[in-house]
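# Structural overview for review
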Amino acid sequence: MLGSAYSPCGVLVLAGSLANAPREKILTVPNLKKFFGISVIRYLLLPLSIGSLLLKLVKYGFVPNDPILLFVIMMEASMPPAQNSVLILQLANMREEAGKLA
(Lines give C-alpha, C1' and ligand atoms only; values in the text may rest on other atoms or scores of the structure.)
Protein backbone atom coordinates (compact mmCIF):
# COMPACT_ATOMS: atom_id res chain seq x y z
CA MET A 1 0.00 0.00 0.00
CA LEU A 2 2.83 2.39 0.81
CA GLY A 3 4.56 1.62 -2.50
CA SER A 4 1.47 2.55 -4.48
CA ALA A 5 1.70 6.11 -3.15
CA TYR A 6 5.16 6.64 -4.67
CA SER A 7 4.01 7.59 -8.18
CA PRO A 8 1.36 10.16 -7.20
CA CYS A 9 3.71 11.74 -4.67
CA GLY A 10 6.52 11.81 -7.21
CA VAL A 11 4.31 13.56 -9.75
CA LEU A 12 3.32 16.14 -7.14
CA VAL A 13 6.97 16.83 -6.27
CA LEU A 14 7.87 17.12 -9.96
CA ALA A 15 4.99 19.53 -10.60
CA GLY A 16 5.96 21.57 -7.54
CA SER A 17 9.50 21.85 -8.83
CA LEU A 18 8.24 23.18 -12.14
CA ALA A 19 6.07 25.75 -10.36
CA ASN A 20 9.06 27.18 -8.46
CA ALA A 21 11.40 27.31 -11.45
CA PRO A 22 12.06 30.78 -12.93
CA ARG A 23 11.01 30.77 -16.59
CA GLU A 24 13.61 33.32 -17.63
CA LYS A 25 16.46 30.95 -16.70
CA ILE A 26 14.90 27.84 -18.22
CA LEU A 27 13.59 29.00 -21.60
CA THR A 28 16.84 30.22 -23.12
CA VAL A 29 18.29 29.18 -26.48
CA PRO A 30 21.31 27.31 -25.00
CA ASN A 31 19.02 25.38 -22.66
CA LEU A 32 16.66 24.48 -25.50
CA LYS A 33 19.59 23.29 -27.64
CA LYS A 34 20.84 21.21 -24.74
CA PHE A 35 17.35 19.80 -24.17
CA PHE A 36 17.00 18.88 -27.85
CA GLY A 37 20.41 17.16 -27.94
CA ILE A 38 19.73 15.17 -24.80
CA SER A 39 16.27 14.20 -26.06
CA VAL A 40 17.61 12.92 -29.37
CA ILE A 41 20.23 10.82 -27.62
CA ARG A 42 17.94 9.57 -24.85
CA TYR A 43 14.82 8.78 -26.89
CA LEU A 44 16.23 7.89 -30.31
CA LEU A 45 19.86 6.78 -30.22
CA LEU A 46 19.83 4.93 -26.90
CA PRO A 47 16.78 2.74 -27.64
CA LEU A 48 18.11 1.97 -31.14
CA SER A 49 21.52 0.97 -29.79
CA ILE A 50 20.01 -1.10 -26.94
CA GLY A 51 17.63 -2.77 -29.40
CA SER A 52 20.43 -3.74 -31.76
CA LEU A 53 22.57 -4.94 -28.85
CA LEU A 54 19.66 -7.04 -27.54
CA LEU A 55 19.13 -8.62 -30.97
CA LYS A 56 22.79 -9.60 -31.11
CA LEU A 57 22.73 -10.96 -27.54
CA VAL A 58 19.64 -13.04 -28.33
CA LYS A 59 21.22 -14.28 -31.57
CA TYR A 60 24.35 -15.51 -29.76
CA GLY A 61 22.40 -16.95 -26.80
CA PHE A 62 23.52 -14.57 -24.06
CA VAL A 63 19.94 -13.38 -23.42
CA PRO A 64 16.93 -15.71 -23.62
CA ASN A 65 14.42 -15.02 -26.37
CA ASP A 66 11.67 -14.06 -23.92
CA PRO A 67 9.43 -11.28 -25.28
CA ILE A 68 8.53 -9.99 -21.80
CA LEU A 69 12.19 -9.75 -20.75
CA LEU A 70 13.11 -7.96 -23.98
CA PHE A 71 10.18 -5.57 -23.54
CA VAL A 72 11.23 -4.72 -19.98
CA ILE A 73 14.83 -4.09 -21.02
CA MET A 74 13.69 -1.85 -23.88
CA MET A 75 11.35 0.06 -21.56
CA GLU A 76 14.17 0.61 -19.06
CA ALA A 77 16.35 1.95 -21.88
CA SER A 78 13.63 4.37 -23.00
CA MET A 79 12.20 5.64 -19.70
CA PRO A 80 13.38 9.00 -18.34
CA PRO A 81 15.14 8.87 -14.96
CA ALA A 82 14.56 12.59 -14.29
CA GLN A 83 11.71 12.15 -11.86
CA ASN A 84 13.92 10.24 -9.44
CA SER A 85 16.62 12.90 -9.75
CA VAL A 86 14.10 15.65 -8.97
CA LEU A 87 12.89 13.76 -5.90
CA ILE A 88 16.46 13.42 -4.61
CA LEU A 89 17.17 17.12 -5.17
CA GLN A 90 13.93 18.06 -3.39
CA LEU A 91 14.89 15.92 -0.39
CA ALA A 92 18.28 17.65 -0.28
CA ASN A 93 16.52 21.08 -0.19
CA MET A 94 18.01 22.03 -3.55
CA ARG A 95 14.77 23.44 -4.97
CA GLU A 96 16.28 25.67 -7.65
CA GLU A 97 18.34 22.81 -9.10
CA ALA A 98 15.27 20.56 -8.99
CA GLY A 99 13.32 23.20 -10.89
CA LYS A 100 16.01 23.39 -13.56
CA LEU A 101 16.06 19.61 -13.92
CA ALA A 102 12.27 19.28 -13.99
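### Points about the overall build of the protein
When you go through the protein residue by residue, the secondary structure sums to six helices and zero strands. Taken from N to C terminus, the helices and strands of the protein fall in the order α-α-α-α-α-α. Taken across its 102 residues, the protein has 16% of its residues classed as buried. Counting contacts in the protein only where the partners sit at least 6 residues apart, residues at least 24 apart contribute 60% of the total. For the protein, the accessible surface area stands at approximately 8000 Å², while carbon and sulfur atoms represent 72% of it.

### Observations regarding a nonpolar patch on the surface
A surface patch of nonpolar side chains, amounting to about 400 Å² of accessible area, comprises I41, L44, L45 and L48. Relative to the assigned elements, L44 resides in helix 3 (residues 29–59).

### Section: helix 3
Along an α-helix, residues three or four apart share an orientation, since each turn contains 3.6 residues. Helix length check: helix 3 (31 residues) gives 44 Å between terminal C-alpha atoms against 45 Å at 1.5 Å per residue, within 8%. At L45, helix 3 shows its strongest bend, of approximately 35°, with the proline P47 following within four residues. Taken as a whole, helix 3 has its buried residues at S39, P47, G51 and L54. Buried residues along helix 3 sit against helix 4 (67–78). Just downstream of helix 3 lies G61, where phi reads positive at about 85°.

Conventions we followed
Residues numbered from 1 in each chain as written. Predicted model: local features only at pLDDT ≥ 70, side-chain atom pairs only at ≥ 80, totals over all residues. Heavy atoms only, no water. Helix = DSSP H or I, 4+ residues; strand = E, 2+ residues; numbered from the N terminus. Buried < 20%, exposed > 50% of the residue type's maximum accessible area, 1.4 Å probe, protein only. Contact = heavy atoms within 4.5 Å. Areas by Shrake-Rupley, 256 points an atom, 1.4 Å probe, with all protein chains shown as cover. Patch = residues over 30% accessible without salt bridge, like charges linked within 9 Å, V, L, I, M, F, W, Y side chains within 5 Å. Salt bridge = Lys/Arg side-chain N within 4 Å of Asp/Glu carboxyl O. Expected span 1.5 Å × (residues − 1). Bend = angle between axes of the 7 residues up to and from the residue.

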